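So the chains spell out like this:
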Amino acid sequence: MSTSFEKQQDISAELRAQVICLSHRAKTPHLGSSLSSIDLLVALYWDFLRIDPKKADSPDRDRFILSKGHAAPALYVTLCERGFFPRKLLEEYGNDGAALAEQPAPDCAPGVEWATGSLGHGLSVGIGMALAARVQKRDYRTVVLLSDGECNE
C-alpha cells in the first residue's frame with residue numbers, strides 16, 4: 001500500500017485537529033510532543049508498518065514503541081483512524097478510570113505495545129523486541145520514536 005504525499009498531508013492535518021480537540025476536552029498538556037509526531041505516525045501506519053488492525057496482536061506484526069509517552073494523544077488518534085479501536089474509546093481519553101490515559105499503558109488499547117513516559121526506556125525495550133525477532137527467526141520490524149528530551153537525558 002502506498003499513500004501519496006498529498007493524502008498523507010490531508011490525514012496529518014485531520015489528526016492534528018483531532019489531537020487539539022482531544023487534549024482540549026481532557027485538559028491535558030503536551031501538544032508539542034503530539035503535534036510534532038503526527039507526520040511520522042501517518043507515514044508509519046499508512047505506508048511502512050506491517051500491522052493489521054484486525055490482528056493487532058499477531059506475533060508477526062511489526063512493533064512500534066512510542067518512547068515519548070507524552071505524545072500518546074497522537075498515537076491514540078492514529079490508531080483509531082487506522083481502525084484499531086472504535087472512536088468511543090478515544091472519546092474517553094483522560095477521564096478517570098478510562099483505558100486511554102495521558103501516558104500509554106500496555107494493553108490499554110489494541111496497537112499500544114508498551115507503557116512509556118519514563119524518559120529513555122523505550123529504546124531499550126525496542127532493542128529487546130528486535131533481538132527477540134532475531135532469536136525467534138521472525139520477520140517483524142521494530143520502530144521506536146524518541147523525543148529530544150530523551151536524547152538529552
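Chains are numbered independently. Their residues run from 1 in the order of the written sequence. This being a predicted model, a pLDDT of at least 70 is required before a residue's local features are given, and a value of 80 or more before pairs of side-chain atoms are given or counted; all residues contribute to the totals for chains, interfaces and linings. As a rule here, side-chain values come from all non-hydrogen atoms in the structure, and water together with hydrogens is ignored.

A. Structural view of the overall build of the protein. A tally of helices and strands in the protein yields seven helices and two strands. Strands here mean DSSP runs of E at least two residues long; helices mean DSSP runs of H or I at least four residues long; both are numbered from the N terminus. Listed N to C, the secondary structure of the protein is α-α-α-β-α-α-α-β-α in terms of helices and strands. Over its C-alpha trace the protein gives a radius of gyration of 15 Å, about what one expects of a compact globule, namely 15 Å for 153 residues. Dimensions of the protein, computed from the C-alpha atoms along their principal axes, are close to 45 × 35 × 30 Å. Only protein chains enter the accessibility calculation, which uses a 1.4 Å probe; a residue whose area is less than 20% of its type maximum is buried, one above 50% is exposed, and one in between is partly exposed. Every one of the 153 residues in the protein was classed for burial, and the buried ones make up 43%. Working rule for contacts: check all heavy atoms of both residues, and any pair within 4.5 Å makes them a contact. Long-range contacts, defined as pairs at least 24 residues apart, comprise 67% of the intrachain contacts of the protein with a sequence gap of at least 6. All accessible areas in this document rest on Shrake-Rupley with a 1.4 Å probe, and a residue is counted as covered only by the protein chains that are shown. For the protein, the computed accessible surface area is about 8200 Å², with 54% contributed by carbon and sulfur atoms. Positive charges are assigned to Lys and Arg, negative charges to Asp and Glu, while His and the chain termini are left out of the count. The location of each charge is read from NZ of Lys, CZ of Arg, CG of Asp or CD of Glu. Separation between the mean location of the 17 positive side-chain charges and that of the 20 negative ones in the protein comes to 5 Å. As defined in this context, the radius of gyration uses C-alpha atoms, and a globule is described by 2.2 Å times the residue total to the power 0.38.

B. Representation of the packing of helix H1 (residues 5–26) against helix H4 (residues 72–81) within the structure. Each axis is a line fitted through C-alpha atoms, taken for helices only over the stretch in contact, and angles between the N-to-C directions span 0 to 180 degrees. Two elements in contact, H1 and H4, have axes separated by 9 Å at closest approach and are oriented at 125°. Classified by the interaxial angle, the pair formed by H1 and H4 is oblique. When you trace H1 past H4, the crossing you get is right-handed. Between H1 and H4, the residues in contact are Leu 15, Gln 18, Val 19, Leu 22 and Ser 23 and Pro 73, Ala 74, Val 77, Thr 78 and Glu 81, respectively. Only Asp, Glu, Lys and Arg are considered charged, only Ala, Val, Leu, Ile, Met, Phe, Trp, Tyr, Cys and Pro nonpolar, and every remaining residue, Gly among them, polar. In the contact of H1 with H4, the residues fall into six nonpolar, three polar and one charged. Here is the rule for angles: anything less than 35 degrees is roughly parallel, anything more than 145 is roughly antiparallel, 65 through 115 is roughly perpendicular, and the remaining ranges are oblique. Throughout, a crossing is termed right-handed when the near helix is turned clockwise from the far one, and left-handed when it is turned anticlockwise from it by less than a right angle.

C. Inspection of the pairing of strand S2 (residues 142–145) at higher detail. Residue alternation in S2 divides its side chains into a buried set, Val 143 and Leu 145, and an unburied set, Thr 142 and Val 144. Strands are treated as partners if at least two bridges between them are detected by DSSP. Pairing analysis gives four bridges linking strand S1 (residues 63–66) to S2, with the strands arranged parallel. Across the sheet, residue Ile 65 finds its bridge partner in S2, namely Val 144.

D. Broad picture of the nonpolar core. Put simply, buried Ala, Val, Leu, Ile, Met, Phe, Trp, Tyr and Cys residues joined by side-chain atoms within 4.5 Å make one nonpolar core. If you look at the biggest cluster of nonpolar residues, it comprises 35 residues, and the most contacted ones within it are Tyr 45, Phe 64, Leu 75, Tyr 76, Phe 85, Leu 90 and Leu 100. Elements with a contribution of two residues or more to this core: H1, helix H3 (38–48), S1, H4, helix H5 (87–91) and S2. Among the elements that take part in this core, H4 stands out by supplying seven residues, more than any other. Beyond its immediate stretch of four places on either side in the chain, Leu 75 contacts Leu 41, Tyr 45, Phe 64, Leu 66 and Val 112.

E. Representation of the pattern of salt bridges in the model. Within this document, salt bridges are pairs made up of a side-chain nitrogen of Lys or Arg and a carboxyl oxygen of Asp or Glu, the two lying within 4 Å of each other. Throughout the structure, instances matching the rule amount to seven salt bridges. A salt bridge links Asp 60 to Arg 138; the nearest nitrogen and oxygen atoms lie 2.7 Å apart. Highlighted residues: Asp 60 in the loop between H3 and S1 and Arg 138 in the loop between helix H6 (121–135) and S2, separated in sequence by 78 residues. Residue Asp 60 is classed as partly exposed on the basis of its relative accessible area, which comes to 47%. Put simply, Arg 61 and Glu 113 hold a salt bridge, and the shortest N to O gap is 2.8 Å.

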